[in-house]
Amino acid sequence: MSSVSKVCMSPGGPEFSPFVQGYWRLAEWGMSSAELLTFISQHVAQGITTVDHAPVYGDPSCESLFGAALKLDPSLRNRLEIVSKCGIEKPPEGGGAGAVAHYDSSKGAIIASVEGSLSRLGVDHLDVLLVHRYDFLMQADEVAEAFVALKASGKVRHFGVSNFSPSQFSLLQSRLDAPLVTNQVEINPVNFGVVSDGTLDQLQEGRVRPMAWSCLAGGEIFQGQSAQMIRLRETLEVLREELGAESIDQVIFAWIMQMPSHPVPILGSGNITRVTTALGALDLNLSREQWYRLWGASKGHGVP
Ligand code: NAP
């Protein structure tokens, strides 16, 4: 039985759990398939039912590792919302010494990417497909054609983007019949890019929730020795005490979720205790003064 309520990502869009479990780092966790099945079952039992993948995550492939665990209990698939991505291609095998990773948002590449994800995950559809990064050669009409074909075949239910600027988001949206259901972007108290460049404003305007990646700055927030990181940790510790929070990561997740576009944090930890602790952020409420205190600790100055 889920202990937390789901949230709607966009008008007419999919329902996600209020936290998403990210699987970018899965190949580093060193889990057997049975251990991974236990980890997935534990976060699902706590209400974290949405999972984030990408074909380019991991070596060995995180999608394949996840698929091997799901194979041990196929009934788990129906309790999950599976998000994966497309559009980043590794250097082609046999492409020569100078071959590079590149973006490809052509219709054929998008469809082939989804078919690869389905095969590695061992499932018949993705709940959401995101274009991972903006392709400077993107033909928006062609992406729209790929989305229509994938929806018609039942292989993908909803579509969104990741790391798109507001104008890139609007361009693709202009060619689609259904609203994009999210823009998955970096949100944390270290990097304020999407907070100030209009990305989150655009999502609030359309009532579309961002998915927030690297909320803890990839773990740097706990170890970084720069003046900014030290200021952040000191302020987070004071806020933790004031709010009665269990940990500073809880405070960060609450700070992110209080943004008016209602971001859904993606958890990057493979430690179930840390995953469980994150859920406590749902009960925290920062005052505006507390919210801006963390903003100021990051910037090194108060509001103008
Ligand atoms: P993150 O939460 O910022 O970083 C996770 C890292 O922080 C892990 O190595 C974790 O180690 C460590 N950590 C967490 N809590 C800690 C604590 N209390 N003390 C010390 N270390 C701690 O998230 P992320 O992994 O960078 O990103 C999350 C997800 O976002 C990814 O899995 C992926 O699904 C997605 N993502 C998307 C994009 C994109 O371009 N769309 C880019 C990056 C990531 P432990 O495992 O040991 O806890």
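Since we're looking at a predicted model, the values are computed, not measured. (Residues numbered from 1 in each chain as written. Predicted model: local features only at pLDDT ≥ 70, side-chain atom pairs only at ≥ 80, totals over all residues. Heavy atoms only, no water.)

Around the ligand sit 27 residues, and of these Arg25, Asp52, Ser214, Ser269 and Arg274 come closest. The contact in question runs from an oxygen atom of the ligand to an N or O atom on the side chain of serine 214, over 2.6 Å. Leucine 216 places a polar main-chain atom, nitrogen or oxygen, 3.0 Å from an oxygen atom of the ligand. Within the complex, 86% of the 910 Å² of free accessible area of the ligand lies under protein. The pocket occupied by the ligand, as judged from atoms lying within 2 Å of grid points, is the largest pocket. Here the residues of the shell around the ligand are counted per class, giving nine nonpolar, 12 polar and six charged. (Near = heavy atom within 4 Å. Polar contact = N/O pair within 3.5 Å; in protein donor to acceptor, adjacent residues only side chain to side chain. Areas by Shrake-Rupley, 256 points an atom, 1.4 Å probe, with all protein chains shown as cover. 1 Å grid on protein atoms, 1.4 Å probe; cavity = no way out; pocket = protein on both sides within 12 Å on 5 of 7 lines; lining within 4 Å. Sits in = over half its atoms within 2 Å of the grid points. Nonpolar A, V, L, I, M, F, W, Y, C, P; charged D, E, K, R; others polar.)

It is worth spelling out helix 10 (residues 227-243) at this point. The first and last C-alpha atoms of helix 10 sit 24 Å apart over 17 residues, in line with the 24 Å expected at 1.5 Å per residue. Every buried residue of helix 10 is listed here: Met229, Leu232, Thr235, Leu236, Leu239 and Leu243. Projected down its long axis, helix 10 carries its buried residues within an arc of 135°, all on one side. For helix 10, exposure combined with an orientation more than 90 degrees from the buried face picks out Ala227, Glu234 and Glu241. Those residues of helix 10 hidden inside the fold are in contact with helix 9 (220-223), helix 11 (248-257) and helix 13 (288-299). Positive phi shows up at glycine 244, right after helix 10, with a value of about 70°. (Helix = DSSP H or I, 4+ residues; strand = E, 2+ residues; numbered from the N terminus. Expected span 1.5 Å × (residues − 1). Buried < 20%, exposed > 50% of the residue type's maximum accessible area, 1.4 Å probe, protein only. Arc of directions from axis to C-beta. Contact = heavy atoms within 4.5 Å.)

What follows is about helix 3 (residues 62-72). Looking only at helix 3, the buried set comprises Cys62, Glu63, Phe66, Gly67, Ala69 and Leu70. An end-on view of helix 3 places all buried positions within 165° of arc, on one side of the element. In helix 3, the exposed residues that point more than 90 degrees away from the buried face are Lys71 and Leu72. Close packing links the buried residues of helix 3 with helix 1 (26-29), helix 2 (33-45), strand 4 (50-52), strand 5 (81-86) and helix 4 (107-121). Measuring from the backbone nitrogen of glutamate 63 back to the side-chain oxygen at the start of helix 3 gives 3.2 Å, which picks out serine 61 as the cap.

Let us look at unusual backbone geometry. For the bond running from aspartate 59 to proline 60, omega is 10°, close enough to zero to count as cis. Note that proline 60 resides in the loop between strand 4 and helix 3. Phi at alanine 217 takes a positive value of approximately 55°, unusual for a residue other than glycine. Summarising the element assignment, alanine 217 is placed in the loop between strand 11 (211-213) and helix 9. We classify alanine 217 as partly exposed; its relative accessible area is 21%. Here histidine 262, not a glycine, exhibits a phi torsion of approximately 55°, which is positive. Note on histidine 262: relative accessible area 43%, which makes it partly exposed.

Looking now at the layout of surface pockets. Space inside the largest pocket adds up to approximately 790 Å³. If you go around the largest pocket, you meet 33 residues; those closest to its centre are Arg25, Gly218, Leu267, Gly268 and Ser269. Mapped onto the lining of the largest pocket, the elements with two or more residues apiece are helix 1, helix 9, helix 11, strand 12 (264-267) and helix 12 (272-279). At three residues, the largest contribution of residues to the lining of the largest pocket is made by helix 12. (Points joined across faces, edges and corners; volume = space filled by probe spheres on them.)

Shape is all these values report; function is a separate question.
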